[in-house]
Amino acid sequence: MKFCSTNNREAIVGLKDAVLKGLADDNGLYMPVTMPKLPAKVIENISSLTFQELAFEMAQPFMAEDMTNSELSRIVNEAFNFDVPLVKVHDNISSLELFHGPTLAFKDFGARFMARLLGYFTKDLNKEIHVLVATSGDTGSAVANGFLGVPGIKVHVLFPSGLVSNIQEKQFTTLGQNITALEIDGTFDDCQLLVKKAFLDADLKNSLILTSANSINLGRLIPQSFYYAYAYGMAAKTNPEVIFSVPSGNFGNITAGLFAKAMGVPIKHFIAATNINDIFPKYLETAQFEPKASVSTIANAMDVGNPSNFARILHLYNQSHQAISKDISGYRYKDEDVKSVVKEVFEKTGYLLDPHGAIGYMALKNYLEKNKGNGIFLETAHPAKFLETVEPIIGKKVEIPARLQKFIEGESKTTSLTGKYEDFKNYLLSLR
Ligand SMILES: *Cc1c(COP(=O)(O)O)cnc(C)c1O
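Throughout, residues of each chain are indexed from 1 in the direction in which the sequence is written. Residues qualify for local features only when their pLDDT is at least 70, as the model is predicted, and side-chain atom pairs are given and counted only at 80 or more; totals for whole chains, interfaces and linings, by contrast, use all residues. Hydrogens and waters are ignored; side-chain quantities use all the structure's heavy atoms.

### Digging into the nonpolar core
Phase 1: Nine residue types can take part in a nonpolar core, namely buried Ala, Val, Leu, Ile, Met, Phe, Trp, Tyr and Cys, and a core is a set of them joined through side-chain atoms within 4.5 Å. Under the scheme applied here, a residue whose accessible area is under 20% of the maximum for its type counts as buried, over 50% as exposed, and between as partly exposed, the area being computed with a 1.4 Å probe on protein chains only. Core analysis: the largest hydrophobic core is formed by 136 residues, its most contacted members being Met63, Phe113, Phe147, Tyr227, Tyr228, Phe244 and Phe280.
Phase 2: In what follows, residue pairs with any heavy atoms lying within 4.5 Å of each other are defined as contacts. Setting aside residues no more than four positions away along its own chain, Phe113 makes contact with Ala59, Met63, Leu72, Ile75, Val76, Ala79, Phe80, Gly219, Pro223 and Phe226.
Phase 3: Formed by 21 residues, the second largest nonpolar core is a distinct cluster that contains Leu132, Ala134, Leu182 and Tyr421.

Here it is as structure tokens:
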């Protein structure tokens, strides 16, 4: 499989380069030159395949030129060693719980797969690889945990000082080994900008092997498409008119869903659910894409003012606002809405939403008031990751899963940086 840049369809690379480079030289994002189609046999049997079987079928066309089937099978089985349950909440609304991995968030899917992919591609190099990752919350922990202890790879996690929840921070500042946490005096967008600049910096390029693990990396994006196909298969047993509502920030998750649809999974519709950082819902309404500085909310992993993967959505739909609007609806919610829906759903059904999933739930519920379908919202994180927010809302203690408790008890270590590019560059140059 070959990949091109969203800025230039002629700038073509193989999978290895796309994964190692993360971002194309022209600052574009990588996309498959043509979207592979799943064999009809796979679609027909989609409801009877296991998650791992389906993941293999979906990954295979992207990876076949670069590795054997048995190598791919090993990567899939090692990466996805946890459950992916679809839980009915009420009526025609179900929650796809993507938080059963080691860091209790959906980003484990992409991070664990990419870590193994990168390990495979770099096993014969005799130079260290540096993974740079900017996080607004969960990316850092998923990537750090995904790569923890992988030989030859060092991970540098940039996070906005004071803007990440306590528990989230613990999950990437306490690991040690090959993981360094960089506390940046700035916002998530500042962190992301530092990473983007570093990749375009010729001095760095000449002295270090840098790669990204943000949702811009195809190695993370592709595996996120697997659970859409799997959930579709489970849901289609009762009603195949499946609608996915995706709590969105940088739009990697929903883009992966659009990949699954483009590969032939007959998903009926998507909902992009955002907090008040509503650049995409605005785009649907006005056909204008106007990035802004991000505003902080209680669904902080979605506080993104310039969603990177928008470029991929445009590319996938040939820049057509009309085609995009046909497949995706947009909704946005304020913190007050999140609080009241978490309380209401908990009291009525006993199901505890996290602040991100709550936005997906609300959007789905509002959509289904006017449209028919079998609704699935993505529960992107376990509510115990947001204790400070969730406990006061429901007025009850939330039980903390053991794998989260382990992080809380660890000791944090961070390196502070100003947010000026020169400081970040000097830090990186000191790693040579
Ligand atoms: C990252 C994240 C999101 C947003 O996902 P994108 O792919 O950036 O749109 C939503 N919820 C949680 C809990 C996250 O960590």
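Picking up where we left off.
### Brief notes about the site of the ligand
Phase 1: Near residues are defined by distance, with any heavy atom within 4 Å of the molecule or strand qualifying the residue. Around the ligand, 15 residues are found, and the nearest of them are Lys107, Gly249, Asn250, Phe251 and Thr380.
Phase 2: For this analysis, a polar contact is any N or O atom pair within 3.5 Å, provided that within protein one partner can donate a hydrogen and the other can accept it, and provided that sequence-adjacent residues contribute only side-chain to side-chain pairs. Contact distances for the ligand include 2.8 Å between an oxygen atom and a backbone N or O atom of Gly249.
Phase 3: Here an oxygen atom of the ligand sits 2.8 Å away from a polar atom, N or O, in the main chain of Asn253.
Phase 4: What sets the accessible areas is the Shrake-Rupley method with a 1.4 Å probe; for residues, cover comes only from the shown protein chains. Within the complex, the protein chains bury 97% of what would otherwise be the 380 Å² of accessible surface of the ligand.
Phase 5: Tallied by class, the residues present in the shell around the ligand amount to 6 nonpolar, 7 polar and 2 charged. All amino acids are sorted into three groups, where Ala, Val, Leu, Ile, Met, Phe, Trp, Tyr, Cys and Pro are nonpolar, Asp, Glu, Lys and Arg are charged, and the leftover types, Gly among them, are polar.

### Things to note about helix H3 (residues 51-63)
In an α-helix, one turn spans 3.6 residues, which is why side chains three or four residues apart end up on the same side.
Phase 1: Spanning 13 residues, H3 covers 18 Å between terminal C-alpha atoms, matching the ideal 18 Å at 1.5 Å per step.
Phase 2: Buried within H3 are the following residues: Phe51, Leu54, Ala55, Phe56, Met58, Ala59, Phe62 and Met63. Secondary structure is summarised from DSSP: a helix means a run of H or I of at least four residues, a strand means a run of E of at least two, and numbering begins at the N terminus for each. Expected span of a helix: the number of residues minus one, times 1.5 Å.

### Digging into the sheet that holds strand S10 (residues 242-247)
Phase 1: As summarised here, the arrangement of the 6 strands in space is S4-S5-S13-S10-S11-S12, forming an open sheet in which the pairing is mixed. Every other strand in the sheet has two partners, leaving strand S4 (86-90) and strand S12 (328-332) as the edge strands with one partner each. Going from strand to strand, the sheet's axes swing by 25° on average, the running direction of each strand aside.
Phase 2: Paired strands are those between which DSSP finds at least two bridges. Inspection of the sheet shows S10 paired to strand S13 (residues 374-379) by 4 bridges, in the parallel sense. Residue Ile243 lies in a different strand from S13, and its bridge partner there is Gly375.
Phase 3: Strand contacts of helix H11 (residues 226-236): S4, strand S5 (93-97), S10, strand S11 (269-274) and S13, with the helix running at about 140° to S10, the strand carrying the most contacts.
Phase 4: Lying on the sheet, helix H12 (residues 252-262) is in contact with S10, S11, S12 and S13; it crosses S11 at an angle near 175°. Note on method: axes are straight lines fitted to C-alpha atoms, helices fitted across the in-contact stretch only, with angles between N-to-C directions ranging 0 to 180 degrees.

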